[in-house]
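Okay, here's what each chain looks like letter by letter:
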Amino acid sequence: MAKKEVKQKSIEETLWQSCDKLRGSVESSEYKHVVLGLIFLKFASDKFEERREELITEGQEKYVEMKDFYNMKNVFFLMETSRWSFIKANAKQDDLALKIDTALHQIEKNNPALKGALPDNYFSRLGLDKTKLASLIDQISEINTIADKQNDIVGRVYEYFLAKFAIKEGKGKGEFYTPKSIVNLIAEMIEPYQGIIYDPACGSGGMFVQSVKFIEQHYGNKKEVSVYGQEYTNTTYKLAKMNLAIRGISANLGEKAADTFGADQHPDLKADFIMANPPFNQKDWRSESELTDDPRWKGYDVPPKSNANYGWILNMVSKLSENGVAGFILANGALSGGGEEYKIRKKLIENNMVEAIIILPRSMFYTTDISVTLWILNKNKTEKTVSKGTETRNYRKREEEILFMDLRQKGEPFEKKYIQFSETQIQDIAQTFHMWQTDVSTYKDIPEYCYSANKTEVEKKDFSLVPSKYIEFVNRDENIDFDTKMKALQTELKDLLAQEEQSKTDLQNVFKNLGYEL
């Protein structure tokens, strides 16, 4: 008999299982800040010790306590009581939580780039079980975050943990994380090679991380992008700052966590690329009299206060540069809403802003199982030639066209109840989109997958952007042989009835043998 193959667990998986066992009565929403804060501390400490050894090896011992000699290499300076070795040595002490809070406070104080990034007095306030906190320190001590620079161990652990915490928190929560395959798809479609990248609802910063990965994978230079974002929730704002700092991504997330509509942190920004997954169908995002003359709505109707979807769209439109492109996720209702939403959508179409509408499969998000749409807006759909990394792309004129795609038949199972795109599927979808943008003689409409509509067709559909109104539906029932199908059903039902009769007989015999004949 062949032996069952044992699947080797990844470092991330092993560490997650160990850490999760120590969670006890602490909610996932709180525990993630504990674990991710400690992983950040371990990473900062490993980098500090590496640089310290480097200075000693170079015969510059006298500089090992001078922070400028660390900052010049993009390494955070850590006082002795902020280093992991100190925390580990004091892991069995009663005041461990206070020592961790003090260490994080000192790191932030000594490194202006981390201003507002680290958990503030968090560990002491939570009242964590001392033994479990000490065990967690032991678990995290096992990761050498800089051992394998090629494989970005700490980046992988961070990303894995963010996804797992989002799944744990489930519906109604976990909005800090956009599933990786969706972010990958947006990056492959809008191709953020260089310029300014902006996310108005940046969560834990996943869009930026994936943008930089995209640049690296396509042999671009990540120094050629500038990152701007904004996040409303203070704890998520800190997660984003830590997430980006771990990967060496410099970003401007504004002075503080703030509401994008009420306290725009980047009022004059013009971005080349916008990637976003704003909250779905946000109600009462402004009062009736608020933001009625906001410059972001200039040229359009004021978005209704009953739903923020079109507020998000116009915020992004107002921040696009002359050649800017935006890829963002919204609930499907925005494709056909009436009232002010209809007027704004009509104007966007008339202004040639809408490039593609892509409907995604259900169950891709951990926070909701509704079907959602990826919108691609493009301010310049004229004929032009653009360098994209190692490629030169010749865009055709497509101002009067919109590409509709339906991906509901795509995807593969993930974590039992979710769906994600495979890498191959992402490449295929992006290729279809780029082919349509550049070479219409090669591109072909495919039933149940894609359709290129002109503006006149969209106008005839009363400016609805629902893909099923354009993409051809295949009626598979019309080719079925009725007699063959009925005979198959007849056989199936005969078998079921025979099985039911047998079960009935077996049950009667059991009771009869027990002396209780039915």
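Residues numbered from 1 in each chain as written. Predicted model: local features only at pLDDT ≥ 70, side-chain atom pairs only at ≥ 80, totals over all residues. Heavy atoms only, no water.

**What to know about the sheet that holds strand 6 (residues 354–359)**
Going by this rule: DSSP bridges decide pairing: two strands pair if at least two such bridges lie between them. A run of DSSP states H or I qualifies as a helix once it reaches four residues; a run of E qualifies as a strand once it reaches two. Both are numbered from the N-terminal end.
Spatially, the nine strands line up as an open sheet ordered 3-2-1-4-5-7-6-10-13, and their pairing is mixed. Two strands lie at the open edges of the sheet, namely strand 3 (251–252) and strand 13 (450–454), each paired on one side alone. Bridge analysis of strand 2 (residues 225–229) against strand 3 gives two bridges, and the strand direction is parallel. Within strand 3, the position partnered with valine 227 by the bridge is alanine 251.

**Details of the environment of isoleucine 274**
Where we set the bar: Working definition: with a 1.4 Å probe on protein chains only, accessible area under 20% of the residue-type maximum means buried, over 50% means exposed, and in between means partly exposed. We call two residues in contact whenever any of their non-hydrogen atoms come within 4.5 Å of each other.
Looking at the element boundaries, isoleucine 274 is found in strand 4 (residues 271–276). Accessibility expressed as a relative area gives 0% for isoleucine 274, which makes it buried. Placed 78 residues apart in sequence, isoleucine 274 and isoleucine 196 show a C-alpha to C-alpha distance of 8.4 Å. Once residues within four sequence positions are removed from consideration, isoleucine 274 is found in contact with Ile190, Tyr198, Pro200, Met316, Lys319, Leu320, Val325, Ala326 and Gly327.

**Quick look at helix 16 (residues 482–513)**
Operational definition: Expected helix span is taken as 1.5 Å per residue step, with the number of steps being one fewer than the number of residues.
An ideal rise of 1.5 Å per residue puts 46 Å on 32 residues; helix 16 measures up with 47 Å between its terminal C-alpha atoms. Following helix 16 by one or two positions, glycine 515 adopts a phi angle in the positive range, close to 90 degrees.

**Structural notes on unusual backbone geometry**
A positive phi angle is found at leucine 291, which is not glycine, with a value near 55 degrees. Positionally, leucine 291 belongs in the loop between strand 4 and helix 12 (309–318). Classification of leucine 291 as partly exposed rests on a relative accessible area of 22%. The backbone of glutamate 448 sits at a positive phi, close to 65 degrees, despite the residue not being glycine. Of note, glutamate 448 is situated in the loop between helix 14 (423–438) and strand 13.

**Looking at the packing of helix 9 (residues 180–190) against helix 14**
Put simply, the test is: Working convention: axes come from line fits to C-alpha atoms, limited for helices to the stretch in contact. Angles between N-to-C directions cover 0 to 180 degrees. For classification purposes, angles smaller than 35 degrees are called roughly parallel, those larger than 145 roughly antiparallel, those between 65 and 115 roughly perpendicular, and all remaining angles oblique. If you view the pair so one helix is near and one far, a crossing is left-handed when the near helix is turned anticlockwise from the far one by less than a right angle, and right-handed when it is turned clockwise. Ten residues, namely Ala, Val, Leu, Ile, Met, Phe, Trp, Tyr, Cys and Pro, are considered nonpolar, four, namely Asp, Glu, Lys and Arg, are considered charged, and the remaining ones, Gly among them, are considered polar.
In contact at an axis separation of 9 Å, helix 9 and helix 14 are set at 30 degrees when each is read in the N-to-C sense. If you check the angle between helix 9 and helix 14, you find them roughly parallel. For the crossing formed where helix 9 meets helix 14, the hand is right-handed. Contacts between helix 9 and helix 14 involve Ser181, Asn184, Leu185, Glu188 and Met189 from the first element and Glu423, Ile426, Gln427, Ile429, Ala430, Phe433 and His434 from the second. A class-by-class count of the residues in the contact of helix 9 with helix 14 yields six nonpolar, four polar and two charged.

**Observations regarding the packing of aromatic side chains**
Rules: Two aromatic rings, drawn from Phe, Tyr or Trp (for Trp, its six-membered ring), form a pair once their centres lie within 6.5 Å of each other, and the interplanar angle then sorts them: stacked below 30 degrees, edge-to-face above 60, tilted otherwise. Two thresholds decide whether a charge sits over a ring: the Lys NZ or Arg CZ must be within 6 Å of the ring centre and within 35 degrees of the ring normal.
Counting across every chain of the model gives 15 aromatic pairs. Measuring from ring centre to ring centre gives 5.4 Å for phenylalanine 280 and phenylalanine 365, while their planes differ by 80 degrees; the resulting arrangement is edge-to-face. One end of the pair, phenylalanine 280, is in the loop between strand 4 and helix 12; the other, phenylalanine 365, is in the loop between strand 6 and strand 7 (372–378), with 85 residues separating them in the sequence. Among the residues examined, phenylalanine 280 registers a relative accessible area of 19% and is labelled buried. Phenylalanine 365 sits in the buried class, given a relative accessible area of 4%. Seen from their ring centres, tyrosine 342 and phenylalanine 463 are 6.4 Å apart, and the 80 degrees between their planes marks the pair as edge-to-face. Taken together, the residues span a long stretch of sequence, with tyrosine 342 in helix 13 (residues 339–350) and phenylalanine 463 in the loop between helix 15 (455–460) and helix 16 at a distance of 121 residues. Phenylalanine 463 gets classed as buried once you look at its relative accessible area, which sits at 7%. Aromatic rings pair up to connect Phe261, Trp285, Trp297 and Trp312 into one cluster. The ring of tyrosine 395 is capped by lysine 384, whose NZ or CZ atom sits 5.8 Å from the centre of that ring. When the ring centre of tyrosine 449 is taken as origin, the NZ or CZ atom of lysine 410, which lies over that ring, is 4.6 Å away.

**Structural notes on the pairing of strand 10 (residues 401–406)**
By the criterion of burial, strand 10 is predominantly enclosed, with six of the six residues buried. Neither face of strand 10 is open: one carries Glu401, Leu403 and Met405, the other Ile402, Phe404 and Asp406, and all of them are buried. Here four bridges tie strand 6 to strand 10, and the two strands are oriented parallel to one another. Bridge pairing in strand 10 links isoleucine 359 to aspartate 406. As paired elements, strand 10 and strand 13 share five bridges and run antiparallel to each other. Residue pairing for strand 13: leucine 403 is matched across the bridge by serine 452.

**Overview of the side chain of lysine 241**
Going by this rule: A residue counts as positive if it is Lys or Arg and as negative if it is Asp or Glu; His and the chain ends are not included. Any carboxyl oxygen of Asp or Glu that lies within 4 Å of a side-chain nitrogen of Lys or Arg is treated as forming a salt bridge with it. Identification of polar contacts relies on pairs of N or O atoms within 3.5 Å, with a donor-acceptor requirement for protein atoms, meaning one able to donate a hydrogen and the other able to accept it, and with residues adjacent in sequence counted only if both atoms are side-chain atoms.
Assignment of secondary structure puts lysine 241 in helix 11 (residues 234–246). In this structure lysine 241 is buried but unpaired, with glutamate 255 as the nearest side chain of opposite charge at 7.5 Å. Engagement of the side chain of lysine 241 in a polar contact is seen with the backbone oxygen of lysine 115, the distance being 2.8 Å. Setting aside residues no more than four positions away along its own chain, lysine 241 makes contact with Lys115, Gly116, Ala117 and Leu253.

**Concerning helix 10 (residues 206–217)**
Between its first and last C-alpha atoms helix 10 spans 16 Å; for twelve residues at 1.5 Å apiece the expected length is 16 Å, and the two agree. Residues of helix 10 that are buried: Met207, Phe208, Val209, Gln210, Ser211, Val212, Phe214 and Ile215.

**Remarks on the nonpolar core**
Let me state the cut-off plainly: Each nonpolar core is a collection of buried residues, namely Ala, Val, Leu, Ile, Met, Phe, Trp, Tyr and Cys, held together in the definition by side-chain atoms within 4.5 Å. These domain limits were set by an automatic method or by a database of domain assignments.
Core analysis: the largest hydrophobic core is formed by 61 residues, its most contacted members being Tyr31, Leu38, Phe40, Ile100, Phe123, Leu136 and Phe161. Broken down by element, the residue count for this core peaks at twelve residues, all from helix 2 (residues 28–57). Three or more residues apiece are contributed to this core by two domains, here domain 1 (11–169) and domain 2 (180–469). When near neighbours in sequence (up to four residues on either side) are disregarded, phenylalanine 40 contacts Phe76, Leu114, Leu118, Met242, Ala245 and Ile246.

**Looking at the domain arrangement of the protein**
For the protein, the domain assignment lists domain 1 (11–169), domain 2 (180–469) and domain 3 (481–517). For domain 2 versus domain 3, the distance between C-alpha centres works out to 55 Å.

**Digging into the pairing of strand 1 (residues 195–199)**
Of the pairings in the sheet, the one linking strand 1 to strand 2 comprises five bridges and is parallel in character. Across the sheet, the residue bridging to tyrosine 198 is tyrosine 228, located in strand 2. Two elements, strand 1 and strand 4, share two bridges in a ladder whose sense is parallel. Looking at strand 4, one finds that isoleucine 197 is bridged to phenylalanine 273.

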